[in-house]
Each structure stands twice: as structure tokens, then as C-alpha cells.
Amino acid sequence: MIVVLAVAIAIVGFFVAPWLVFFHAPFEATMGFVQKIFYFHVPSAWMLLLSVFVCAGGSIAWLARGSRRGDELAAAAGELAVLFGAIMLVTGPLWARKAWGRWWVWDVRLTASLLLWMIAVAYLFARRYGGPAARSLAAGLACFGAADVPLVYASVAIWRTIHPKAEVVASLDPGMRPAFWMAGLTTLALWTALLALRTAQERTRNAIEDAFAEAEP
């Protein structure tokens, strides 16, 4: 039921969100058209952080109780962390080039976000090539990644940084808010559907592997 609802919201959002972003939301006075990257960049960043937390939660369940379901959830969330992190890292420099005149600066928020994405990539590599202890090794990396999330979120408040602060969302022009929240809802629905489908796929793969193992003489 949740998957069906998430897919339905995502499909509707794919039509409504772009219309709101490109035809309804006003142009920002300084950035102009480039500011519309904001509507895709911020929700993708949020999904990266959420994915890392879900991956860490499933990994803790695996480490503490050997939970197969926790490991399956972690595997799906780890892949989504890489996916939405990549979207964030592509859209961010496109925005930065217009705002700062450079594609990339070694700002604390940017550096911590890049590190978080690299940890997510390392998690997938550890699962694939870590040998007999692959799942436990990857779970440890997931927990390490979760420890980086508060740093990513709080960096703009703790250090002097040129990255916009979190308050920028609350201070949005009223005409921009419908587009932003619709884009955010669409991204969350897509994330939910992908997580559920990928977790189910991982569960099926494990069931097939167990069946083959039992069938071996």
C-alpha cells in the first residue's frame, strides 16, 4: 500500500513540481533562472542524509541481532545515499558557479557532504568486495557515515561558511514555497518507493540464495 501511494505521489509530482518550479515560482532577484536548481538540490541533500540514517539503523540491527531485514534495508538505503548524493553533488556546483563564481570551494559544508557521499560509496564497495565479513564491515562504515550527518547539518552554524544556512528554507519568498514543498514531497515519495522496491528485491535475492544453499548436497 505504501509503495503504491508513494509511486502515485511521485508520478503526479513529476508533472506538477516542474510546472510549479519553472512556470509558477518567481525568479530570484540575484540568481535568476539558475536559482531554480535549489528546488532539486535541497531535497536531494535531505534524501542523502535520510538514506544514511536509515542505512545506519539497518546496519545496527544487523550488528546487534544479526537481523536479515535490517541488512536488506541498509543495502537499499546505501544505494539511495549514493544516488541522491550524486544528484546533490552535481546540482550544487551548477548553482555555485553562478553564486560564487567557482564550481567548487573547500567549504566545511561542501567538504563534509563530499566525505559523506564517499563513505556511502565505500559502503557499497565493502558489501561487494569485503569478503566473508563484508556485511559487518559495511555496517561499520554505515555507522561512521551517520556520525558525519550532524557535522554536515550543523557546519553552517558552527563555522564561518559561504554556504547558505538552513534558515534559507524558512525565509523563502511565499511564491516559491509551493514549488519547493511539492518538489520535496515528490523527491520523498520517489525515495520511499525506491527504498521499498529495492528492499523487496534484496529480500528476494537472499531467499533465492538460501534456496540454492539448501538444495546443494
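For the structure, see preceding data.
Calculation criteria
Residues numbered from 1 in each chain as written. Predicted model: local features only at pLDDT ≥ 70, side-chain atom pairs only at ≥ 80, totals over all residues. Heavy atoms only, no water. Helix = DSSP H or I, 4+ residues; strand = E, 2+ residues; numbered from the N terminus. Buried < 20%, exposed > 50% of the residue type's maximum accessible area, 1.4 Å probe, protein only. Contact = heavy atoms within 4.5 Å. Axes fitted to C-alpha atoms, helices over the stretch in contact; angles between N-to-C directions. Left-handed = near helix turned anticlockwise from the far one by under 90°. Nonpolar A, V, L, I, M, F, W, Y, C, P; charged D, E, K, R; others polar.

Chemist: Any chance you could explain the side chain of Ser 67 here in plain terms?
Modeler: The topology assignment puts Ser 67 in the loop between α2 (38-65) and α3 (68-99). For Ser 67, a relative accessible area of 16% puts it in the buried group. Those residues within four positions of Ser 67 in sequence are excluded, and the remaining contacts are Ala 61 and Trp 62.

Chemist: When you look at the environment of Phe 22 in this model, what are you seeing that I'm missing?
Modeler: As for its position among the elements, Phe 22 is in helix α1 (residues 2-24). Exposure remark for Phe 22: the relative accessible area of 35% places this residue in the partly exposed category. In sequence terms Phe 22 and Ala 179 are 157 residues apart; their C-alpha atoms lie 8.7 Å from each other.

Chemist: Honestly, the packing of α2 against helix α7 (residues 177-215) in this entry has me stumped. Any pointers?
Modeler: For any two helices packed against each other, one specifies the crossing angle of their axes together with the interaxial distance. At a minimum axis separation of 9 Å, α2 and α7 run at an interaxial angle of 35°. α2 and α7 meet at a crossing whose hand is right-handed. Where α2 approaches α7, its residues Phe 38, Tyr 39, Val 42, Pro 43, Ser 44, Trp 46, Met 47, Leu 50, Ser 51 and Val 54 are matched on the opposing element by Ala 179, Phe 180, Trp 181, Ala 183, Gly 184, Thr 187, Leu 188, Trp 191 and Leu 195. Within the contact of α2 with α7, the residues separate by chemical class into 15 nonpolar, four polar and no charged.

Chemist: Help me understand the environment of Leu 20, please; the structure alone is not making it clear to me.
Modeler: Relative to the helices and strands, Leu 20 resides in helix α1. Among the residues examined, Leu 20 registers a relative accessible area of 12% and is labelled buried. In this structure the C-alpha to C-alpha distance between Leu 20 and His 41, which are 21 residues apart in sequence, comes to 16 Å. Contact partners of Leu 20, with chain neighbours within four places excluded, come to Ala 25, Pro 178, Ala 179 and Met 182.

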